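# Close look at the chain arrangement
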Amino acid sequence: MTASDIPDSKLESGAPPQKTTMYGSEEQLACSVAPALTAEQEVKLWRKIDLRLIPIITLMYLLSFMDRGNIGNAKLDGLVTQLNLTGDKYNIALMMYFIVSNLLFSFNQVTSTSFSHIAFLSSHQISQSKLYDHPGMCMSYILVVVLPGYKMAAGDHGPMGPGHDADGYPQLVGVRVCLGAAEAGLYPGVAYYLTRWYPKYMYQYRIAMFTGAATLAGAFSGLLAYAINFMNGDGGLEGWSWIFILEGLLTILIASAAAFIMVDYPSTAKFLTTEERSFVIERRRRDAGLDEEHDAAQQVWAAFTDWQVWALASMAFSFVVPLYGITYFLPTIIFDFGYSTAVSQLLTIPPYVLATISLLTAAHFSDKLKLRSPFIFAAQLTSLVGYIINISNAPSGVKYFGTYLCVIGTYTSIPGSFIDTADDNRLANNLGGRYKRAVGMALQISVGNLGGVVASIIFRTQDEPRYLLGHGLEIMFTSIGLIVLLLTVLTYKRINARRDREELLDQQQGEKAEPKQAGGAGPLGDRALSFRYTI
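Everything in this summary refers to the structure shown in the same document. (Residues numbered from 1 in each chain as written. Predicted model: local features only at pLDDT ≥ 70, side-chain atom pairs only at ≥ 80, totals over all residues. Heavy atoms only, no water.)

## Overview of the overall build of the chain
Regarding its fold elements, the chain presents 20 helices and 2 strands. The buried share of the chain, taken over its 535 residues, is 56%. Entry remark: accessible area of the chain is about 21,000 Å², with carbon and sulfur atoms responsible for 66%. (Helix = DSSP H or I, 4+ residues; strand = E, 2+ residues; numbered from the N terminus. Buried < 20%, exposed > 50% of the residue type's maximum accessible area, 1.4 Å probe, protein only. Areas by Shrake-Rupley, 256 points an atom, 1.4 Å probe, with all protein chains shown as cover.)

The structure is reproduced here in structure tokens:
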């Protein structure tokens, strides 16, 4: 039996040392003893892993976020006019994506822990391209969604006359439903996938590079929308149609390449040497600690009753509402400042570029200082100032500056609030047991993503150009998130201080505070006396 046949969880467990033949060669891997690497060799190892995994994952998420968010750019390029999206129709189409995505999210989170990550992630990326669903459903998806969508885009005029499609709205809702179903597993799959490779204090910067793609997606969407608008009328299609078609085809191309580039686990990574595989596995095993060996049902119940899951889920919800609010409506908000459609598309680019720089910088120093909350708090405070500016009677130029603060603050805080809770010593590493970890992550991100439902319906056409309701609710949710963040940090500090005192007392009594095995007397995971929360 080769190492590729052995689940990664087995190799990363606390099992006794075993010798395993790697890929049919004579190389042996000692699972419990990591080879000694110099500092220079370790740097080269992580760089090698980064270059293999991060670029393709980043591209996948970049296109994923473009596919879900470019409807905001398409809105300015004739989508609303041609499909006659009067009243709240546009908002309802946005909302349907999040409803379906969250219904399927938890199932995909648990599934992603049990099946090949290559097949799981690439299939979801292909299916979210608007042209294909899972490979086995490819033809039916084309017949049900793509052909009616092309008919809709081509301007099959209804009784309202040329330029209007009376039947286009149901088709638009159908496409958003299918897109939500297809994208439901990509984010949790990648978040969990990276926990199998990186130690906890190397994790956030990698996730920041991955989620930074969502920020860059806003910049690319604006630039592409500006360029694609010049294709308006080509092939009998309006500019918004070409936005969906061209970006969807690019998604398929990248997803197909991912199936050949990505590797499931360190234990199956042929691009690493035997010593490197052993080092990565052992480093991750020691960093994660021992998992509790309870049955799946017990672990699932433990996830539902863990206070961290619900506290941080509520914080994530309050941060996601502003995130998707500004993502879907920034082009419209800027357009209502009095700029033309083309100029509005271009003006969406600079805020996202600066937000990407801010996000990566904050993540770098957050990992370096091993602090999370101060960066999250500063970012959310920045976005709060931006929304206050935009709800005021300030001149358009000042309000445009306020959109910079909204985008920079909102996107910079997401890796810390979501990913810190996803793995770095808050949920994934803090929750003992594979199923508890997976369910806890699914609950936290699912509740957070419900914020997208709220964000879809708060910027209404009847409220333009000031959008008092939308900006007011963004201010409210951001403030709630800041309060929950402060309460959570105070709780973590209190628990850490108590454990410091208890551990010091144990040491004075000649005992050593360490996690116990499943049959031992002490607790495991985040309940262990030796465990400390990241603040």
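## Focus: the nonpolar core
Counting residues in each nonpolar core, the largest one holds 106 residues, and the members touching the most others are Ile49, Ile57, Trp197 and Tyr411. For Tyr411, the contacting residues outside a window of four places in its chain are Phe65, Ala214, Thr215, Leu323, Ile326, Thr327, Tyr352, Ala355 and Leu359. (Core = buried A, V, L, I, M, F, W, Y, C linked by side-chain atoms within 4.5 Å. Contact = heavy atoms within 4.5 Å.)

## Let's talk about helix 20 (residues 468–508)
Taking 1.5 Å of rise per residue, the 41 residues of helix 20 would be expected to cover 60 Å, and the 60 Å separating its terminal C-alpha atoms lies within 8% of that figure. Directly after helix 20, the chain includes Gly510, whose backbone phi takes a positive value near 85°. (Expected span 1.5 Å × (residues − 1).)

## Looking at a nonpolar patch on the surface
Where nonpolar side chains cluster on the molecular surface, the patch consists of Ile99, Leu103 and Leu104 and spans about 260 Å² of accessible area. As for its placement among the helices and strands, Leu104 is situated in helix 4 (residues 89–111). By relative accessible area, Leu104 is classed as partly exposed at 33%. (Patch = residues over 30% accessible without salt bridge, like charges linked within 9 Å, V, L, I, M, F, W, Y side chains within 5 Å. Salt bridge = Lys/Arg side-chain N within 4 Å of Asp/Glu carboxyl O.)

## Regarding unusual backbone geometry
Across the junction of Glu464 and Pro465, the peptide omega takes the value 10°, indicating a cis bond. On the secondary structure map, Pro465 appears in the loop between helix 19 (451–457) and helix 20. Despite not being glycine, Asn84 has its phi angle at roughly 55°, a positive value. If you trace the backbone, Asn84 turns up in the loop between helix 3 (71–82) and helix 4. When its relative accessible area of 18% is taken as the criterion, Asn84 is described as buried. Even without being a glycine, Tyr467 presents a positive backbone phi close to 50°. Within the secondary structure layout, Tyr467 lies in the loop between helix 19 and helix 20. For Tyr467, a relative accessible area of 3% puts it in the buried group.

## Observations regarding the side chain of Ser64
In this structure, Ser64 sits in helix 2 (residues 39–69). At 3.0 Å, the side chain of Ser64 and the side chain of Glu183 are in polar contact. (Polar contact = N/O pair within 3.5 Å; in protein donor to acceptor, adjacent residues only side chain to side chain.)

Honestly, it's all geometry; don't read function into it.
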